[in-house]
Each structure stands twice: as C-alpha cells, then as structure tokens.
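Read off the chains here:
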Amino acid sequence: MRKYAVLCAVCLGSFLSAYTTSCINIALPNIMAALNFNMDSIVWVSLGYMLPYGSIMPITGKLGDQFGAKTMYIVGFILFSVASLLCGMATSSAMLVVFRIVQGMGAGLILPNAMAIVAQTFDAHERGQAMGIWGAMAAVGMAMGPTVGGYLIEHFDWRMIFFSVGPVCVLSIIFAAVIIPKSRRNAAVTVDYLGAALLIISISLLLIALNQGQKEGWASLYIVSLFYAAFAGIILFLAVEFRVQHPMIDIRLFRNLNFTTANVIAFLAFFAFMATNFLLPFFLKSILDYSSITTGIMLLPMTVGIVAFSPIGGRMADRFGSRLPAFLGVVIIACSLYALKAISIDYSTQHFFIRLSLLGTGIGLIMSPLINCVVSSLPKDKVGVGSGVYNLFQVIGGSMGVVFAQVLLTRREVYHAAILKEYLNPATHSLQEIFQLLQVLWGNQGMDNLMLSTAAHGWLTGQGLLPQQYVMLKALLSAKVLRQASILSFQDVFYTLALVCFAAGLLTLIIRRRSVNLNQD
C-alpha cells in the first residue's frame, strides 16, 4: 500500500494547484475593487501565475533529475504554500502580482516532478492507472474551484481563497516528506538556465507591450522599444537553443509535422479558452450583477464538461487516432464561442449552461488527443522534453489570450461608447433615432413606448423635465450607454475568439494518422 500512499501525496499537490488556478478568476472583480487594479493591470494577477508556471516546466524535469524529484517537489510545494499565504496578505496590487509569480514558480516545480515520482514508484503495467488517478484528482480540484471559491468570497473575503489552502498545504508537505521515498539523482544533467531566462524575459516584454499599447500609444517609444526588445530576446533564445548541447527546447523537434501541428492547435485552443475564462466572471458579476456563489455555479458546467469528456477524448484517440477527436473538440469550442457572441443581459441560466457545457466538452475532447499526438510523434528519449514544450505552448497561448481579450475588450468599449453617444447628439440624429436607442437601453425594463417617447423628447428639448430631473436623465443615459458598449464589446471578443478556433479546426485536418518520426532511421 506504500506506493498508493505516495500517489496520494503527489495527488494532493496537483489537487491544490488546480483548485487555486480555477477559482482565482472568480475573485478577479473583487480583487480589482479591493486593491485598486484597473482593467489593464488586473490581467497580471492571472499572468503573474501562468507565465512562470508554464515557462519553467521544460526545465523543472531536468532539475528533478539533477537534485532529486522528491526534493524539487517539496521545494515547489513549500514555495506554493508560502506564496499562497503572502497572496492572501497582500496590501497592494504590486505585492499581489509578485507573490503570484512566486506561487506560479512553485506550481511549475510541482507538476513535472509529481509525474516523475509516479513513474518511479509504479511499474509499467500499473503506471497508466496511477496517472489516471493523478489526473482525476487534478480534475476534481479544477471542478471544485469555482463553486468553493465563490462560496468563500461571498461569505468571507477573496483572501480566503489563498488562506484556505494553507493548512492543507502544511499537512501535505509533511505527508510528502515522510511517505515519498528518496529519489535518484543525476549530477551529470545540465540545465539550460540562459535559454529559460531569455524565453521568460522575451515573452514577458511582449505581453507588457500588448497590455500597455492601448494606454501608452502603439507608436510610442516605450511600446516600440518593448516590441523590439521582445523580438531580440526571441532571436537570442533561438540562437542559444541551436548552440547549447542540452537546450531547454530542442528546436529540431519541430521538423515533425504532427508535433508542430499539435503545439500550434494547443496554443490557439488555450488562447481562446483562457481568454473566455478571464472574461466571463467580469460579465457575470459586473454586467449581470451575479453574486460570487452564483458566478461559480454558472461556470461549473464548463469544468464538468472538461472532467467528463477528457477520458472520452483519450479513448477516441486510441481507436481513431488524434485527428478526429481533436477536430471535433476544436469545432465544438468554436461553436460555443460563436454562440456567446450574442451574449446579453437577457441571457438565462439555460443559455449559459448549454454554451459553457459545450466549451468544456470541446476542451475535454482535445486534451488527451493532442498530448497523445505529441508523445507518439517523438522517440522515447524525447518524450519528456516534448511534453514540456507542449505545456509551454499551452500556457503561453493562455497568457496571450488573456492579454488579447483585455486589450480588445477595452478598444471595442471605446469604439462602441463613441458611436452610442453620437446617437444621443440632437444636432446629428432625429427624435426617432434617439427613441430607438432608448428602446434598446431601456425597453426590457418595463418602460412602454409612451414613457420612452417622453424621455427622448425630454432629452432633445429639456421640456417637461425639471433641471434636476434632466441631470438625472443624462447620468442614467450615460451609465446605460457605457453598459451597452461593454456588452457589445464582449460580443465582439467572443466572435473573434470563435474565428481563432475555426482556424485551429482547419489545422487539425493536417494531423497524420501515423506519425513520421524524423529522429528514427
């Protein structure tokens, strides 16, 4: 039974990491209000975790080989636990982002070394079942995150999301230290620290440029310099990877068509998925005025869909190859996002349930086929490196998606607000046009045509309204215009994300049923 105790120990780490990752988006609107974030900066609460988490994964497996998987797993768990406590204690936006970076580094050490511990503990004929249990625990953590997180925010505070994992983390670290056997070390393993640093720096500079471009001006010296620096960092990274003996990413792996295609599809799919994950809590809480608990429950169908259909996607890949389930999954994602382009204040629970269930189903269907496509296209000695590259593409795609969603949402809000305000200009639009706009803004709130006509006439002439009433009408109309502009902007973003996924769906058609391995003669 000892090996199953070891499995339990590593499952706890994966469970807590997945739980924290899935519930943080519920808290973003509350964190935004509490620590004076704006829409430009709140994305870094997510990115501060995702970037180090994904970027260091290709090298953490090698660190586990060098220093022992158990040692690096426990170090990662300690980093994650301490950073979680500090996140809950953060008193400023800068502090929270820094602590989220440390938390992401800890999570990045946990996942690959947990997999290595399972592989070392179980024999080959038991390893598949053990990995399935380990993956299921991570899925349970992901499923619990939105609902439990919403409850904690509603009844306590957003800080309880971080504080709640503290006691479990301490017990889990002690349990892991006692139960997990000492891992083998290989001092001869070398780690490409320079390549890792260049990759993280260049991606971070690119994301900062994209995030700040709207605010600073896309042609400003600051933004242009960031783009040039990011481009130079990527060129240097590629040069280093071609020259070092043990690169962080073996560029030659991309000669394999299936490997390259699977990584690009994962990038695009998680680009859309993480962007949607970032946007929905803001729409549900800010536009529809849902509570944190209700928001968490509304997002639950998406997570349940991922958990339920991940095994189905794996079985389909075993039977039909990766192309069919990957194509079906990406098309389902695209259809769900296309349906969300009509999102409005009239959306019911049923509307969200259908669309988010489809989104979760699509993500679940593509996860196993894509990783299977990566693994089956590489020789055995490259599988670990290839899996790390795949995870890196997922996380970078998700990070880019979050920034893209925030930038596009802001730009479209400015655009739609300007158009709607222009419609209220009596000098350029008729009474009928203003009446039609008021019908859109207020028609579903019990105002009949007579009341709307009176409001439109009062707006044009000021007649029939006291000065104080006229000021109130202007304030109400301004708030309604901004809200409607925000709704139209959400629709534009979901439509764009759907187009991205339709493009990814076309890419799945070039996946070969049998991979041609260029590393085998």
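It should be noted that the structure appears before, not after, this text.
Definitions and cut-offs
- Residues numbered from 1 in each chain as written.
- Predicted model: local features only at pLDDT ≥ 70, side-chain atom pairs only at ≥ 80, totals over all residues.
- Heavy atoms only, no water.
- Patch = residues over 30% accessible without salt bridge, like charges linked within 9 Å, V, L, I, M, F, W, Y side chains within 5 Å.
- Areas by Shrake-Rupley, 256 points an atom, 1.4 Å probe, with all protein chains shown as cover.
- Salt bridge = Lys/Arg side-chain N within 4 Å of Asp/Glu carboxyl O.
- Helix = DSSP H or I, 4+ residues; strand = E, 2+ residues; numbered from the N terminus.
- Polar contact = N/O pair within 3.5 Å; in protein donor to acceptor, adjacent residues only side chain to side chain.
- Contact = heavy atoms within 4.5 Å.
- Buried < 20%, exposed > 50% of the residue type's maximum accessible area, 1.4 Å probe, protein only.
- Phe/Tyr/Trp six-rings, centres within 6.5 Å; stacked < 30°, edge-to-face > 60°.

A few words on a nonpolar patch on the surface. A cluster of nonpolar side chains, namely I78, V82, L85, L86 and M89, defines an oily patch on the protein surface of about 410 Å² accessible area. With respect to the element layout, L86 can be found in helix α4 (residues 69–89).

We now examine the side chain of S202. Along the chain, the position of S202 falls in helix α9 (residues 193–216). Within the structure, the side chain of S202 is placed 2.8 Å from the backbone oxygen of L198, a separation counted as a polar contact. For S202, the contacting residues outside a window of four places in its chain are A230, G233 and I234.

A few words now on the side chain of N263. Relative to the elements of secondary structure, N263 occurs in helix α11 (residues 257–287). In this structure N263 touches F254, V374, V389, Y390 and F393, once residues within four positions along its chain are discounted.

As a further point, take the environment of L210. Considering the arrangement of structural elements, one finds L210 in helix α9. Residue L210 is classed as partly exposed on the basis of its relative accessible area of 25%. Note: C-alpha distance between L210 and F227 (17 residues apart in sequence) is 8.6 Å. Once residues within four sequence positions are removed from consideration, L210 is found in contact with W218, F227, M400, V403 and V407.

We now examine the pattern of salt bridges. Taken as a whole, this structure holds 2 salt bridges when the rule is applied. Between D157 and R159 there is a salt bridge, and its shortest N-O distance comes to 3.8 Å. Taking relative accessible area as the criterion, D157 reaches 30% and is therefore assigned partly exposed. Here R159 falls in the partly exposed class, since its relative accessible area comes to 21%. D492 is the salt-bridge partner of R412, the closest N and O atoms lying 2.8 Å from each other.

The next subject is the environment of N372. Checked against the element boundaries, N372 lands in helix α14 (residues 349–376). Residues N372 and G321, 51 residues apart in the sequence, show an inter-C-alpha distance of 8.9 Å. Each residue touching N372, except ones within four places of it in the same chain, is listed here: A317 and S322.

The phi dihedral of N36 is positive, around 60°, even though this residue is not glycine. Inspection of the secondary structure puts N36 in the loop between α1 (2–34) and α2 (39–55). Even without a glycine there, the phi angle at D289 is positive, about 60°. Considering the arrangement of structural elements, one finds D289 in the loop between α11 and α12 (292–320). Judged by relative accessible area, which is 59%, D289 ranks as exposed.

One pass over the structure, following the stated rule, counts 12 aromatic pairs. Ring centres of W158 and F162 lie 6.3 Å apart, and the angle between their planes is 90°; on these two criteria the pair is classed as edge-to-face. Taking the relative accessible area as the measure of exposure, F162 reaches 1% and is therefore buried. Relative to F393, the ring of F254 lies with its centre 5.8 Å away and its plane at 45°, an arrangement referred to as tilted. In this pair, F254 is assigned in the loop between α10 (221–243) and α11 and F393 in helix α15 (residues 383–423), connecting sequence segments 139 residues apart.

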